[in-house]
Amino acid sequence: LFASVELAPRDPILGLTEQYVADKRGNKVNLGVGVYCDDQGRIPLLEAVRRAEIKRVEAAAARGYLPIDGIAGYNKGAQTLLLGPDSTLAAEGRVLTAQALGGTGALKIGADFLKQLLPDSKVAISNPSWENHRALFERAGFEVVAYTYYDAATHGLDFDGMLAYLRGLPARTIVVLHACCHNPTGVDPSFEQWQQIAQVFQEKQLVPFMDIAYQGFGAGLEEDAAVVRLFAGLGLDMLISSSFSKSFSLYGERVGALTMISGDRDESARVLSQLKRVIRTNYSNPPTHGGSVVSMVLNTPELYQLWTQELAGMRDRIRSMRDQLVDKLKAHGVKQDFEFVRKQRGMFSYSGLTSAQVDRLREEHGVYAIASGRICVAALNSRNVDYVAEAISKVL
Ligand code: LMR
């Protein structure tokens, strides 16, 4: 039966972690996967999460099946973070949310739902985009194209190229947008540019599928949701995949959500009924623990406040690591201009390192980065940043 099965290539991101774990060197550094580590190099357990977990264990709740679309309080909390507490759209019943298995799970159920609705549409992702976007939409049966995005020469956005590409897409093309903290480049359009992009979506009847996995890691929870609110405010029907993996440091709990904004209450009910069929036939219903913890934090004022403080702490630490990396590169005699690293947002920096340089970083120095040159700045700390800067200086 299995004789003809070929060996699949390693996953470009999670496969690198497997390699890192197997590496015996004591000074190894994993800047591959997008995971935030604290200054001790550990994935933090947030205090707000710890307190919610204690309450949950003390409550000794039964573990029955959750509804197919998950915990109501979780879904409402996810919606409120995206659209704000006073969303008219939500009050009008135009917003529906389903708990999902991380941001990836949200993308997948959204993709399966869209494949039924728009079987002939293509999906457009940014060039470059998160490694898994193309694979995920292709596996859902779509042809995937890439729209102009990053300009390597300026380490910035090719805005004119992006607009021109989007204008050329046929109506009902599904376009995946990174609402903040673009993965992998760390380069986001300005709000004024987003306004123009949104106009093209309206004119050309493109279907926005927003991916927001890093809300709170850019400028702040509210600021990072501005693009979602801009598109929603224009009355565009849309899909939004969101994730709490990073913002709650709950990677392994698979806490994400798919939110859709439709034309009216009745449409929402029909859309949700179809989405539930997609979920039921994929994994039946989501798991309880992570969702309950997030829901408790989002819906308990003291825990919510504590969480936002902890999130701000992570955001500030990443910014300071960006500054330190740039300064240390200079100190190690690097002549190339790395100032752009300070301006990029979120966990990642598209460093401009070539895949050959990335190979040398890993092989000669035990510093792991993605082949595209993406490094996870959130995994730098006061103990490894000098070593990483020195290693980069040696491979340049
Ligand atoms: C990443 O881009 O490293 C993260 O989103 C983790 C993942 O699932 O790839």
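Basis of the calculations
Residues numbered from 1 in each chain as written. Predicted model: local features only at pLDDT ≥ 70, side-chain atom pairs only at ≥ 80, totals over all residues. Helix = DSSP H or I, 4+ residues; strand = E, 2+ residues; numbered from the N terminus. Rg over C-alpha atoms; globule rule 2.2 N^0.38 Å. Buried ≥ 20, exposed ≤ 12 C-beta atoms within 10 Å, placed from the backbone. Contact = placed C-beta atoms within 7 Å. Near = placed C-beta within 6 Å. Nonpolar A, V, L, I, M, F, W, Y, C, P; charged D, E, K, R; others polar. Arc of directions from axis to C-beta. Pairing = 2+ DSSP bridges. Axes fitted to C-alpha atoms, helices over the stretch in contact; angles between N-to-C directions. Right-handed = clockwise from strand over helix to strand, strands pointing away. Core = buried A, V, L, I, M, F, W, Y, C linked by C-beta atoms within 7 Å. Domains from an automatic or database assignment. Parallel < 35°, antiparallel > 145°, perpendicular 65-115°, else oblique. UniProt positions renumbered as here; feature names shortened; annotations may be inferred.

**Student:** Sorry, what's going on with the overall build of the protein here?
**Tutor:** When helices and strands are counted, the protein shows 16 helices and 13 strands. Its C-alpha atoms give the protein a radius of gyration of 21 Å, within 12% of the compact-globule value 21 Å for 396 residues. Projected onto its principal axes, the C-alpha coordinates of the protein cover approximately 65 × 55 × 55 Å. Taken over 396 residues, the protein has a buried fraction of 45%. For the protein, restricting intrachain contacts to residue pairs at least 6 apart in sequence, the fraction spanning at least 24 positions comes to 75%.

**Student:** Before we go on, may I ask you to explain the site of the ligand in this structure?
**Tutor:** The local shell around the ligand consists of Ile-13, Val-33, Gly-34, Trp-130, Asn-132 and Asn-183. Residue composition of the shell around the ligand, grouped by class: 3 nonpolar, 3 polar and no charged.

**Student:** Would you mind going over helix H16 (residues 385-395) with me for this structure?
**Tutor:** An α-helical segment advances 3.6 residues per turn. Residues three or four places apart therefore align on the same side. Among all positions in H16, only Val-385, Val-388, Ala-389, Ala-391 and Ile-392 are buried. For H16, the angular spread of the buried residues around the axis is 160°, confining them to a single face. Contacts made by the buried residues of H16 are with strand S1 (29-30), helix H13 (301-331), helix H15 (355-365) and strand S12 (367-368).

**Student:** Sorry, what's going on with the sheet that holds strand S8 (residues 207-212) here?
**Tutor:** One open sheet accounts for 7 strands, arranged S2-S10-S9-S8-S7-S3-S4; its pairing is mixed. Taken across any chain shown, the strands that pair with only one partner, and hence form the sheet edges, are strand S2 (95-101) and strand S4 (144-148). Taken pair by pair, the neighbouring strands of this sheet meet at an average axis angle of 25°, ignoring direction. The pairing of strand S3 (residues 123-127) with S4 spans 5 bridges and is parallel. The residue bridging Ala-124 from the neighbouring strand is Val-145, located in S4. Set on the sheet, helix H11 (residues 265-282) makes contact with S2 and strand S10 (255-261); between it and S2 the angle comes to about 10°.

**Student:** Can you walk me through the pairing of strand S7 (residues 174-178) in this structure?
**Tutor:** Across a regular strand the side chains alternate sides, sitting on one face of the sheet and then on the other. Counting buried positions over the 5 residues of S7 gives 5, a clear majority of the element. What you see with S7 is no split at all: Ile-174, Val-176 and His-178 on one side and Val-175 and Leu-177 on the other are buried throughout. Pairing of S3 with S7 involves 2 bridges; the strand directions are parallel. Bridging across to S7, Ala-124 finds its partner in Val-175. Pairing between S7 and S8: 5 bridges, direction parallel. Bridge pairing in S8 places Leu-177 opposite Met-210. Following the chain from S7 across helix H8 (residues 191-204) to the adjacent parallel S8, one finds a crossover that is right-handed.

**Student:** Help me understand the nonpolar core, please; the structure alone is not making it clear to me.
**Tutor:** Where a protein is soluble and globular, its nonpolar side chains tend to be buried together. In this structure, Val-175, Val-228, Val-297, Met-347, Ala-369 and Val-377 are the most contacted members of the largest nonpolar core, which totals 113 residues. Here this core spans two domains, and each of domain 1 (14-45 + 303-395) and domain 2 (61-301) adds at least three residues to it. If we ignore the near neighbours within four places in the chain, the residues touching Val-228 are Leu-82, Leu-83, Ala-179, Met-210, Ile-212 and Ile-240.

**Student:** Just to check I follow, could you spell out the domain arrangement of the protein for this structure?
**Tutor:** Domain boundaries assigned for the protein yield domain 1 (14-45 + 303-395) and domain 2 (61-301). The C-alpha-based centres of domain 1 and domain 2 are spaced at 26 Å. Counting from both sides, the interface comprises 26 residues of domain 1 and, opposite them, 25 residues of domain 2. Per-element tally for the side of domain 1 that touches domain 2: the top contributor is H13, with 8 residues. The residue inventory of the side of domain 1 that touches domain 2, partitioned by class, reads 15 nonpolar, 8 polar and 3 charged.

**Student:** Can you help me understand the packing of helix H2 (residues 47-59) against H13 in this one?
**Tutor:** Relative placement of two packed helices is described by the angle separating their axes and the distance separating the axes. Relative to each other, H2 and H13 sit at 150°, their axes nearing to 8 Å. As judged from the angle between their axes, H2 and H13 are roughly antiparallel. The segment H2 lies against H13, with Glu-47, Ala-48, Arg-51 and Ala-52 engaging Leu-303, Leu-306, Trp-307 and Glu-310. Here the contact of H2 with H13 is built from residues that sort into 5 nonpolar, no polar and 3 charged.

**Student:** Just to check I follow, could you spell out the UniProt feature "domain: Aminotransferase class I/classII large" (unreviewed entry) in the protein for this structure?
**Tutor:** Per the UniProt entry, the sites bearing "domain: Aminotransferase class I/classII large" (unreviewed entry) are residues 27-392 in this numbering. The span residues 27-392 carries 47% helix and 15% strand; its end-to-end C-alpha distance comes to 14 Å.

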